[in-house]
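Coordinate analysis (summary)
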Amino acid sequence: MTEAYVALEGGHVIEGRGRAPGTARGELVFTTAYTGYEESLTDPSYEEQVLTFSYPLIGNYGVREERFEDDRVHPRAVLAKELTDDVAAWLESEGVPAVDHLDTREVVTDIRDEGAMKCGIAVGEDVTEEDALEQLEQCKAMSEHTDIGAQVSVDEVEVYGADNDGETVALVDCGAKGSIVDSLLARNAEVHVLPYDASVADVEAVDPDVLFISNGPGDPANYEQAISLVEEFVEDTPVAGICLGQQIVAEALGGTTTKMDFGHRGVNQPVLDLESGQVVMTTQNHGYTVDDPGEHLEVTQINVNDDTPEGIDGIEYDVITRQYHPEANPGPEDTLDFFDDVLAMADERTTTQAVPADD
Ligand SMILES: NC(=O)CC[C@H](N)C(=O)O
């Protein structure tokens, strides 16, 4: 019988059924998403985290590569009430420990009461509680992963849609989900995916119509280079951002970010557009949030549950960012028009600049 132990910050150890062997540690978080486990498990934003699914059965429609957001699983370990054999085999083949048959209500309640916390996992024939506690001991706080972008970004520039005749996008890859690139390509954009630590010269070489900062794992304050790119380009180039991208843009323009207690992770987070009064359903995965947007940005959309900023626009600059995931993989497709808005913003700037000044 395979042993499986989950040690929570504070030393409480929970026992479960081992579904994929190994030891791991990370920040323990939960998602309430009831579908989209293939997308969630391959979302680079889960790097250095241990993902608990609150939905009780995970894997009931198989595992298909076409649903993946990246070429590997990113959470360090996975917890669920019941994992199907398909998902367990996939996680085992990826070397990602998995535990089920534990009371995920207890785990989620602990996270809601105490906040996202460190944890250690040990799964295998001969593992003990001590092995899980040892992992917990070695677990770092998320903000201490100071170069986490290096773990998830491309190493070199990658160009997609070179034959497209739409806008040119410089996408700074801090751990971008594949469907963000796909959403831009579907709108005829030429997408240059740049490393998370791209230089000003790297961006200038692309001469983009829009500088787009992706989603990604960890603390936004640790993405100093991406922050400085936004500072450098915002006066002359439209800027867009998703999730971590919104946080980086706020940090760059005089705003501040803060860590939430347990974040938003799920596929039914209601977001209110302050201008239209319309509420849309969104998919989310974040643990930090913009605290104060600063004097150059205004909050245009808020989360209905806790009023946190979900959409932020520039006041004097061409900037649009979203805290949720408009690419909607997984999740409801209420928000796909964000990509149309970003490319229209870029197009407007290009068109305006192309017209000679009327003097
Ligand atoms: N999905 C994301 O981009 C996450 C952003 C950031 N790492 C957070 O947890 O808030």
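Residues numbered from 1 in each chain as written. Predicted model: local features only at pLDDT ≥ 70, side-chain atom pairs only at ≥ 80, totals over all residues. Heavy atoms only, no water.

Per an unreviewed UniProt entry, the chain goes by Carbamoyl phosphate synthase small chain and derives from Halopiger aswanensis. As recorded by UniProt, the Subunit (unreviewed entry) comment attached to the chain reads in full: "Composed of two chains; the small (or glutamine) chain promotes the hydrolysis of glutamine to ammonia, which is used by the large (or ammonia) chain to synthesize carbamoyl phosphate. Tetramer of heterodimers (alpha,beta)4." The Sequence similarities (unreviewed entry) field of the UniProt record for the chain holds the comment "Belongs to the CarA family." (UniProt positions renumbered as here; feature names shortened; annotations may be inferred.)

Some words on the pattern of salt bridges
Counted under the stated rule, the structure contains 14 salt bridges. Lys-259 is the partner of Glu-27 in a salt bridge, and the nearest nitrogen-oxygen pair spans 2.5 Å. With Glu-27 in strand E4 (residues 22-31) and Lys-259 in strand E16 (residues 256-273), the pair connects residues that are 232 residues apart, well separated along the chain. Residue classification places Lys-259 among the partly exposed positions, given a relative accessible area of 37%. Here Arg-64 makes a salt bridge to Glu-38, at a shortest N to O gap of 3.3 Å. Here Arg-64 is found in the loop between strand E6 (57-58) and strand E7 (77-79), whereas its partner Glu-38 is found in helix H1 (residues 37-41), with 26 residues between them in sequence. Judged by relative accessible area, which is 29%, Arg-64 ranks as partly exposed. Through salt bridges with shared partners, one network takes in Arg-17, Arg-19, Glu-82, Asp-85 and Asp-100. (Salt bridge = Lys/Arg side-chain N within 4 Å of Asp/Glu carboxyl O. Helix = DSSP H or I, 4+ residues; strand = E, 2+ residues; numbered from the N terminus. Buried < 20%, exposed > 50% of the residue type's maximum accessible area, 1.4 Å probe, protein only.)

Notes on the sheet that holds E16
Strands sit in the order E11-E13-E12-E14-E15-E20-E19-E18-E16-E17 across an open sheet of 10 strands; the sheet is mixed. The sheet terminates laterally at strand E11 (158-160) and strand E17 (279-292), the two strands that pair on one side only. Strand-to-strand, the axes of this sheet are offset by a mean angle of 20 degrees, without reference to chain direction. The pairing of strand E18 (residues 297-303) with strand E19 (residues 309-314) spans 5 bridges and is antiparallel. Paired with Glu-298 across the bridge in E19 is Asp-313. Contacts between helix H8 (residues 224-233) and the sheet are confined to strand E12 (168-173), strand E14 (210-213) and strand E15 (239-242), with E14 contributing the most and set at about 155 degrees to the helix. (Pairing = 2+ DSSP bridges. Axes fitted to C-alpha atoms, helices over the stretch in contact; angles between N-to-C directions. Contact = heavy atoms within 4.5 Å.)

Some remarks on the site of the ligand
Near the ligand you find 13 residues, and of these Gly-216, Gly-218, Asn-285, Gly-287 and Tyr-288 are the closest. In the model, an oxygen atom of the ligand is placed 3.0 Å from a nitrogen or oxygen of the Leu-244 main chain. At 2.8 Å, a backbone N or O of Gly-287 approaches an oxygen atom of the ligand. Look at the ligand: alone it shows 300 Å² of surface, and the protein chains cover 97% of it. Mapped by element, the contributors of at least two residues to the shell around the ligand are helix H9 (244-252) and E17. (Near = heavy atom within 4 Å. Polar contact = N/O pair within 3.5 Å; in protein donor to acceptor, adjacent residues only side chain to side chain. Areas by Shrake-Rupley, 256 points an atom, 1.4 Å probe, with all protein chains shown as cover.)

Here we look at the UniProt feature "binding site: L-glutamine" (unreviewed entry) in the chain
Per the UniProt entry, the sites bearing "binding site: L-glutamine" (unreviewed entry) are Ser-45, Gly-216, Gly-218, Leu-244, Gln-247, Asn-285, Gly-287 and Tyr-288 in this numbering. In three dimensions, the annotated residues from a span of 244 residues occupy one location, with a maximal C-alpha spread of 13.4 Å. The residue Gln-247 is located in helix H9 in this model. Residue Gln-247 is classed as buried on the basis of its relative accessible area of 3%. Here Gln-247 is in contact with Pro-220, Thr-257, His-286, Tyr-288, Thr-289, Val-290 and Gln-323, once residues within four sequence places are set aside. With respect to the helices, strands and loops of the structure, Asn-285 is situated in strand E17. Accessibility expressed as a relative area gives 6% for Asn-285, which makes it buried. In contact with Asn-285, not counting residues within four places along its chain, are Asp-43, Ser-45, Tyr-46, Cys-243, His-264, Arg-265 and His-325.

Here we look at the domain arrangement of the chain
Along its sequence, the chain is organised into domain 1 (3-140) and domain 2 (149-354). Taken over C-alpha atoms, the centre of domain 1 sits 28 Å from the centre of domain 2. Here domain 1 meets domain 2 over a buried area of about 1900 Å², counting both sides, of which 48% is carbon and sulfur. For domain 1, the biggest contributors to the area lost against domain 2 are Pro-44, Ser-45 and Glu-69; these three give 28% of the whole. Joining domain 1 to domain 2, the criterion identifies 1 salt bridge. Elements represented by at least two residues in the side of domain 1 that touches domain 2 include exactly E4, H1 and helix H3 (104-114). With 4 residues, E4 is the single largest residue contributor to the side of domain 1 that touches domain 2. Within the side of domain 1 that touches domain 2, the residues separate by chemical class into 8 nonpolar, 9 polar and 9 charged. (Domains from an automatic or database assignment. Buried area = accessible area lost by both parts, 1.4 Å probe. Nonpolar A, V, L, I, M, F, W, Y, C, P; charged D, E, K, R; others polar.)

Side note on the pairing of E12
In terms of burial, E12 is a largely internal element, 6 of the 6 residues being buried. Of the two faces of E12, the one carrying Thr-168, Ala-170 and Val-172 and the one carrying Val-169, Leu-171 and Asp-173 are both buried. As paired strands, E12 and strand E13 (residues 190-195) are joined by 6 bridges and run parallel to one another. Paired with Asp-173 across the two strands is Pro-195, which belongs to E13.

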